[in-house]
Amino acid sequence: MPIYQYFGAPTKFHGKPLFHILSNLKEFGRGRIITRAGFKDEKPSFYRVLFAQPLMDAKNEEGRVIVEKVKNGVKYTEPVDLSKIAPLPDFLLIPKDEEAKFCKWSELRDYSPDKDFVTEPKYYTMPPLLKLYMEREMKKREAKEDESTYLLPHYKTFKVKNFDQVDEDKIEKYQETVTRCEGTAGYNYNDKISPLYAYGAGNEEGAAKVVEKLPEEMPFPTPFVGMRLYKLPWSNMDKWNDREEPRYPENQH
C-alpha cells in the first residue's frame, strides 16, 4: 500500500472555482443551488444563482455572478455579487434531486432587522492608566466633567457587519446586519487576578492607595535649549555639509 506524505499547511478550500461549475450548466446554472465547503452553520447556508456571465479568461475563473444568499437559515432580501470570491476553489454544486433535502425551504425565513441584529456596548470605560492621565489633565485645565467624560464612544467606532473575509484579498459583501449599541462595558478584570498578585486591585480602596503612591509625571518632555526639533533628510545632507568649514586646509598634507 503506498504511503502518502503531505507537506505544508492543510488547505482550507475543498471545492472548485465557481465558474468551473457554472460553465458546464445550462444558462450558466441559473436557478441552481450552490454552496461552499467552508460553511459550518447549523442551519442551511447556500446561494441560488440569479445571473452569471463568465469573463472567458484563460483559467475560466473570472466573471460576474449575482446570487440570492441564504446564511444560517436566513434569506437576505438584497442580491449578492460573488465576483470577488468566484476564483476560490470552495464551491460545491447541489444535485437537483437533493435540493429540497439540503435547502429545507420550510425552515427558512426572510431577513428582518428586528430579529437579525448584533448587540454591542455603547460605551467602554477607559483603561486605568488612561483614566488617571485624563483626570490629571482635566484638573489642570479646570474643565467640567460629566458622565461621558471618562467613557469611550464605541457606537462611533464599531465595525459594520456587511462583509465576510473569505481570504486575504477576497471579500464577500452582502446586506448589512444591524448593530445596536446598548450599555457600558469595562476593562475591569479584578476577578481573574490571583490574590497573591492583586496588590490592591481587589477592591476600590486598595486601588486608590496604589494610585496615591504613583509619582506626578509631566505628560510630555519639555524641549531643552539647543535641542533640534526636526530631522534632517538624507537628500539635504550634502547641502548642509557644504556650509561647514573644511576640517583640513588644502595646503596641508
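Predicted model only: the values in this text are computed from it and were never measured.

## Concerning the side chain of R32
Relative to the helices and strands, R32 is located in the loop between α1 (18-22) and β1 (33-36). A polar side-chain atom of R32 sits 3.3 Å from the main-chain carbonyl oxygen of I94. Ignoring any residue separated from it by four or fewer positions in sequence, one finds R32 in contact with L25, Y47, R48, V49, L93, I94, P95, K96 and E99.

## A short note on the pairing of strand β3 (residues 63-71)
Summarising burial for β3: 7 of the 9 residues are buried, a large majority. The sheet contact formed by β3 and strand β5 (residues 80-81) spans 2 bridges and is antiparallel. Its bridge partner being in β5, I66 is matched across the sheet by D81. For β3 and strand β4 (residues 74-75), the ladder comprises 2 bridges, and the chain directions are antiparallel. Residue pairing across strands places K71 opposite V74, the latter belonging to β4. Linking two consecutive strands that pair antiparallel, namely β3 and β4, is a turn of 2 residues; a positive phi of about 55° is found at N72 within it.

## Concerning the sheet that holds strand β8 (residues 117-120)
The mixed open sheet is built from 3 strands, whose spatial order is β8-β12-β11. Unpaired on one side and paired on the other, β8 and β11 (161-165) mark the two borders of the sheet. For this sheet, the mean inter-axis angle between neighbouring strands, taken without regard to orientation, is 50°. Pairing analysis gives 4 bridges linking β8 to strand β12 (residues 171-181), with the strands arranged parallel.

## Thoughts on the pattern of salt bridges
Counted under the stated rule, the structure contains 9 salt bridges. The salt bridge partner of R48 is E68, with a shortest N-O separation of 2.9 Å. Linking R48 in strand β2 (residues 46-54) with E68 in strand β3, this pair joins segments that are 20 residues apart in sequence. Overall, R48 belongs to the partly exposed group, its relative accessible area being 29%. Note that D110 is salt-bridged to K75, the shortest N-O span being 3.8 Å. Linking D110 in strand β7 (residues 109-110) with K75 in strand β4, this pair joins segments that are 35 residues apart in sequence. Exposure remark for D110: the relative accessible area of 45% places this residue in the partly exposed category. Several salt bridges share partner residues, and in doing so they unite R36, K69, D90 and E172 into one network.

## A few points about the pairing of β1
Side-chain alternation along β1 places I33 and T35 on one buried face and I34 and R36 on a second face that is also buried. Bridge analysis of β1 against β2 gives 2 bridges, and the strand direction is antiparallel. If you follow I33 over to β2, its bridge partner there is R48. Here β1 runs beside strand β6 (residues 91-93); their pairing, made up of 3 bridges, is antiparallel. Residue pairing in the sheet places R36 in a bridge with F91 of β6.

## Some points on unusual backbone geometry
Despite not being glycine, E27 has its phi angle at roughly 55°, a positive value. The exposure class of E27 is exposed, given its relative accessible area of 53%. Located in the positive-phi region is M56, a residue other than glycine, with phi close to 60°. In this structure, M56 sits in the loop between β2 and β3. For M56, a relative accessible area of 63% corresponds to the exposed category.

Procedures and definitions
Chains are numbered independently. Their residues run from 1 in the order of the written sequence. This being a predicted model, a pLDDT of at least 70 is required before a residue's local features are given, and a value of 80 or more before pairs of side-chain atoms are given or counted; all residues contribute to the totals for chains, interfaces and linings. Hydrogens and water are ignored here; the side-chain numbers use all heavy atoms of the structure. A helix here means a DSSP run of H or I that spans at least four residues, while a strand means a run of E at least two residues long, and both kinds are numbered starting from the N terminus. We define a polar contact as two N or O atoms separated by no more than 3.5 Å, with the added condition that, inside protein, one atom must be a possible hydrogen donor and the other a possible acceptor, whereas residues neighbouring each other in sequence contribute only through side-chain atom pairs. Whether two residues touch is decided by their heavy atoms; if any such pair falls within 4.5 Å, the residues are in contact. Here the term buried applies to any residue with accessible area under 20% of the maximum for its type, exposed to any over 50%, and partly exposed to those in between, with areas from a 1.4 Å probe on protein chains only. Note on pairing: DSSP must find at least two bridges between two strands before they are called paired. Note on method: axes are straight lines fitted to C-alpha atoms, helices fitted across the in-contact stretch only, with angles between N-to-C directions ranging 0 to 180 degrees. Salt bridge, as applied in this entry: a Lys or Arg side-chain nitrogen positioned within 4 Å of an Asp or Glu carboxyl oxygen.

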